Amino acid sequence: MGFGLAIAAPVGPITLLCMRRTLTQGLWVGLASGLGAGTADGLYATIAAFGLTAVIQSLLNHDFWLRLGGGLGLIYLGIATLVAKPSQMPILHPTTASLAPSSHWHCPAQL
(Lines give C-alpha, C1' and ligand atoms only; values in the text may rest on other atoms or scores of the structure.)
Protein backbone atom coordinates (compact mmCIF):
# COMPACT_ATOMS: atom_id res chain seq x y z
CA MET A 1 0.00 0.00 0.00
CA GLY A 2 2.84 2.39 0.85
CA PHE A 3 4.61 1.53 -2.40
CA GLY A 4 1.44 2.28 -4.37
CA LEU A 5 0.98 5.58 -2.58
CA ALA A 6 4.59 6.55 -3.28
CA ILE A 7 4.14 5.83 -6.99
CA ALA A 8 0.76 7.55 -7.21
CA ALA A 9 1.87 10.74 -5.43
CA PRO A 10 2.71 13.45 -7.96
CA VAL A 11 6.32 14.51 -7.46
CA GLY A 12 6.49 18.25 -7.79
CA PRO A 13 8.11 21.12 -5.93
CA ILE A 14 5.59 21.10 -3.07
CA THR A 15 5.86 17.34 -2.62
CA LEU A 16 9.63 17.57 -2.51
CA LEU A 17 9.41 20.46 -0.03
CA CYS A 18 7.16 18.40 2.26
CA MET A 19 9.47 15.38 1.99
CA ARG A 20 12.56 17.47 2.74
CA ARG A 21 10.97 19.16 5.73
CA THR A 22 9.81 15.81 7.08
CA LEU A 23 13.29 14.30 6.77
CA THR A 24 15.21 17.29 8.12
CA GLN A 25 12.82 18.79 10.68
CA GLY A 26 10.59 15.94 11.76
CA LEU A 27 7.18 14.42 11.27
CA TRP A 28 5.11 17.30 12.67
CA VAL A 29 6.77 19.92 10.48
CA GLY A 30 6.27 17.67 7.45
CA LEU A 31 2.62 17.14 8.33
CA ALA A 32 2.11 20.88 8.81
CA SER A 33 3.68 21.52 5.40
CA GLY A 34 1.46 18.91 3.77
CA LEU A 35 -1.65 20.28 5.47
CA GLY A 36 -0.73 23.79 4.33
CA ALA A 37 -0.35 22.59 0.74
CA GLY A 38 -3.65 20.71 0.98
CA THR A 39 -5.39 23.79 2.39
CA ALA A 40 -4.08 25.92 -0.47
CA ASP A 41 -5.29 23.34 -3.00
CA GLY A 42 -8.69 23.26 -1.29
CA LEU A 43 -8.88 27.05 -1.42
CA TYR A 44 -8.12 27.01 -5.14
CA ALA A 45 -10.80 24.36 -5.69
CA THR A 46 -13.32 26.41 -3.69
CA ILE A 47 -12.56 29.51 -5.72
CA ALA A 48 -13.02 27.53 -8.93
CA ALA A 49 -16.27 25.98 -7.71
CA PHE A 50 -17.95 29.18 -6.53
CA GLY A 51 -17.30 31.42 -9.44
CA LEU A 52 -14.14 32.76 -10.91
CA THR A 53 -15.69 35.91 -12.31
CA ALA A 54 -16.17 37.70 -8.98
CA VAL A 55 -12.77 36.60 -7.71
CA ILE A 56 -10.98 37.63 -10.89
CA GLN A 57 -12.65 41.04 -10.86
CA SER A 58 -11.62 41.55 -7.24
CA LEU A 59 -8.05 40.50 -8.00
CA LEU A 60 -7.89 42.81 -11.00
CA ASN A 61 -9.07 45.71 -8.85
CA HIS A 62 -6.20 45.08 -6.41
CA ASP A 63 -3.49 43.92 -8.80
CA PHE A 64 -0.98 46.63 -7.84
CA TRP A 65 -1.01 45.66 -4.15
CA LEU A 66 -0.95 41.96 -4.93
CA ARG A 67 2.06 42.39 -7.24
CA LEU A 68 3.81 44.61 -4.71
CA GLY A 69 3.21 42.12 -1.89
CA GLY A 70 4.30 39.17 -4.03
CA GLY A 71 7.43 40.98 -5.19
CA LEU A 72 8.38 41.95 -1.64
CA GLY A 73 7.77 38.38 -0.52
CA LEU A 74 10.05 37.03 -3.26
CA ILE A 75 12.76 39.56 -2.37
CA TYR A 76 12.54 38.50 1.28
CA LEU A 77 12.79 34.80 0.36
CA GLY A 78 15.78 35.48 -1.89
CA ILE A 79 17.65 37.44 0.78
CA ALA A 80 16.80 34.88 3.45
CA THR A 81 18.11 32.10 1.21
CA LEU A 82 21.36 33.94 0.49
CA VAL A 83 22.14 34.71 4.14
CA ALA A 84 21.00 31.32 5.50
CA LYS A 85 23.64 29.03 6.91
CA PRO A 86 24.21 26.06 4.58
CA SER A 87 22.94 22.69 5.71
CA GLN A 88 25.46 20.49 7.50
CA MET A 89 23.76 17.33 6.27
CA PRO A 90 25.97 15.60 3.68
CA ILE A 91 24.14 15.12 0.41
CA LEU A 92 26.58 13.46 -1.98
CA HIS A 93 29.02 11.50 0.15
CA PRO A 94 29.30 10.98 3.94
CA THR A 95 33.05 11.76 3.98
CA THR A 96 32.47 15.31 2.71
CA ALA A 97 30.54 16.31 5.87
CA SER A 98 33.65 17.88 7.40
CA LEU A 99 34.23 19.83 4.18
CA ALA A 100 30.89 21.65 4.34
CA PRO A 101 30.93 24.89 2.33
CA SER A 102 31.01 28.18 4.21
CA SER A 103 28.65 29.93 1.78
CA HIS A 104 26.12 29.23 -0.97
CA TRP A 105 28.65 30.31 -3.61
CA HIS A 106 31.00 27.36 -3.00
CA CYS A 107 30.89 24.53 -5.53
CA PRO A 108 31.48 21.03 -4.02
CA ALA A 109 32.83 19.82 -7.38
CA GLN A 110 35.88 22.11 -6.90
CA LEU A 111 37.04 20.24 -3.77
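This write-up is about the structure you can find in this document. (Residues numbered from 1 in each chain as written. Predicted model: local features only at pLDDT ≥ 70, side-chain atom pairs only at ≥ 80, totals over all residues. Heavy atoms only, no water.)

Before going further, it helps to spend a moment on the packing of aromatic side chains. Enumeration according to the criterion identifies one aromatic pair in this entry. Residues phenylalanine 64 and tryptophan 65 carry aromatic rings whose centres are separated by 4.9 Å and whose planes lie at 80 degrees to one another, so their mutual orientation is edge-to-face. You'll find phenylalanine 64 and tryptophan 65 in the same group, each marked exposed. (Phe/Tyr/Trp six-rings, centres within 6.5 Å; stacked < 30°, edge-to-face > 60°. Buried < 20%, exposed > 50% of the residue type's maximum accessible area, 1.4 Å probe, protein only.)

In this section: the side chain of serine 33. Here serine 33 is to be found in helix H3 (residues 27-49). Serine 33 gets classed as buried once you look at its relative accessible area, which sits at 12%. Here arginine 21 takes part through its side chain, which lies 3.2 Å from a polar atom of the side chain of serine 33. Discounting chain neighbours no more than four positions away, the residues touching serine 33 are Cys18 and Arg21. (Helix = DSSP H or I, 4+ residues; strand = E, 2+ residues; numbered from the N terminus. Polar contact = N/O pair within 3.5 Å; in protein donor to acceptor, adjacent residues only side chain to side chain. Contact = heavy atoms within 4.5 Å.)

On to the packing of helix H2 (residues 13-25) against H3. H3 packs onto H2 with a crossing angle of 160 degrees between their chain directions and a minimal axis gap of 6 Å. For the element pair H2 / H3, the angle class is roughly antiparallel. Judged by the twist between their axes, the crossing of H2 over H3 is right-handed. Between H2 and H3, the residues in contact are Ile14, Cys18, Arg21, Thr22 and Gln25 and Leu27, Val29, Gly30, Ser33, Gly34 and Ala37, respectively. The residue inventory of the contact of H2 with H3, partitioned by class, reads five nonpolar, five polar and one charged. (Axes fitted to C-alpha atoms, helices over the stretch in contact; angles between N-to-C directions. Parallel < 35°, antiparallel > 145°, perpendicular 65-115°, else oblique. Left-handed = near helix turned anticlockwise from the far one by under 90°. Nonpolar A, V, L, I, M, F, W, Y, C, P; charged D, E, K, R; others polar.)

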